[in-house]
Amino acid sequence: MEQEKILKLFKQFAGDVIDIHGLNLTPTAIGKRTRRLGKLEIQNVMYFNISNPNQLSYFTPLVEEELNDVLGSFEGYINEKIFIKFNDDVKKGLVLNNKTIKEIKQVFDELPFISFQVWVGQSKYPTNYRIYGKNIDISTNWDNDEFSINNIFKPTKATCDGEVIDIKDALEYYDDFLQGVETYWESEIHYSKIDSIISKNQLLNADWIATYYNTKMI
């Protein structure tokens, strides 16, 4: 089927603007691309723009998944597969609005120190470490099925069982400690409150998306 006809039919099928939980997605063009998946395959690609009039936080892989549900019904109608691509000027990945950033920063600011315990030899009691400091920024990383929100943390003091120790030593001990625990350890122990911020947003939260909240020392 001709590309322009597919685009015209899709707009008749889904509308000129598609609402995804408050985001406005507009199909702007359709084209073809070539992929070699075992054999040479020519695919239909529909391009979309995202308008965010309410300044919502969102994660583009989740938005794409929601849009795929709309396209799935249309593909059955025209009997052709269509792939999604966002326009180059669309901000991709994890997009956080000022409200969400403020809520996350509050969680980070309420953490005066990073604490962890290390068992040494046959000791009956663990050694208790604390790295004191403060949040100075927030950073993010993302992939197609996961994202992380990072507490950029500037250490100011470190202690071992209450005694002041060299910060560099404490940071090395903490790095070693993190190597031996689950990836989710910081998320669950230090930053569990962020889960409630993320889970209430339909554009950030889904069962198939892994979320991590980490400390990045500087």
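Keep in mind that what you see is a predicted model, and the values were worked out from it rather than measured.

Asks: Quick question: what am I supposed to make of the packing of aromatic side chains here?
Replies: Any two aromatic rings considered together are summarised by their centre-to-centre distance and by the angle between their planes. Under the definition given, this model contains 16 aromatic pairs. Pairing phenylalanine 10 with phenylalanine 48 gives two aromatic rings, centres 6.1 Å apart and planes at 85 degrees, and the pair type is edge-to-face. Note that phenylalanine 10 is positioned in helix α1 (residues 3-14) and phenylalanine 48 in strand β3 (residues 39-51), a separation of 38 residues in sequence. For phenylalanine 10, a relative accessible area of 0% corresponds to the buried category. Between the aromatic rings of phenylalanine 108 and tyrosine 191, the centroid separation amounts to 5.2 Å while the plane-to-plane angle is 80 degrees, which identifies the pairing as edge-to-face.

Asks: Could you clarify how one ought to interpret the environment of glutamate 186 in this entry?
Replies: Tracing the backbone shows glutamate 186 in helix α5 (residues 185-189). Looking at glutamate 186, the relative accessible area reads 5%, which means it is buried. In terms of polar contacts, glutamate 186 uses its side chain to reach the side chain of threonine 215, at 2.8 Å.

Asks: Please clarify how the side chain of asparagine 135 should be interpreted in this entry.
Replies: Relative to the helices and strands, asparagine 135 resides in strand β8 (residues 127-143). Residue class for asparagine 135 comes out buried when judged on its relative accessible area of 8%. Among the polar contacts made by the side chain of asparagine 135, one reaches the main-chain carbonyl oxygen of aspartate 137 at a distance of 2.6 Å. At a separation of 2.8 Å, a polar atom in the side chain of asparagine 135 contacts the side chain of asparagine 151.

Basis of the calculations
- Residues numbered from 1 in each chain as written.
- Predicted model: local features only at pLDDT ≥ 70, side-chain atom pairs only at ≥ 80, totals over all residues.
- Heavy atoms only, no water.
- Phe/Tyr/Trp six-rings, centres within 6.5 Å; stacked < 30°, edge-to-face > 60°.
- Helix = DSSP H or I, 4+ residues; strand = E, 2+ residues; numbered from the N terminus.
- Buried < 20%, exposed > 50% of the residue type's maximum accessible area, 1.4 Å probe, protein only.
- Polar contact = N/O pair within 3.5 Å; in protein donor to acceptor, adjacent residues only side chain to side chain.

Any link to function would need more than the numbers given here.
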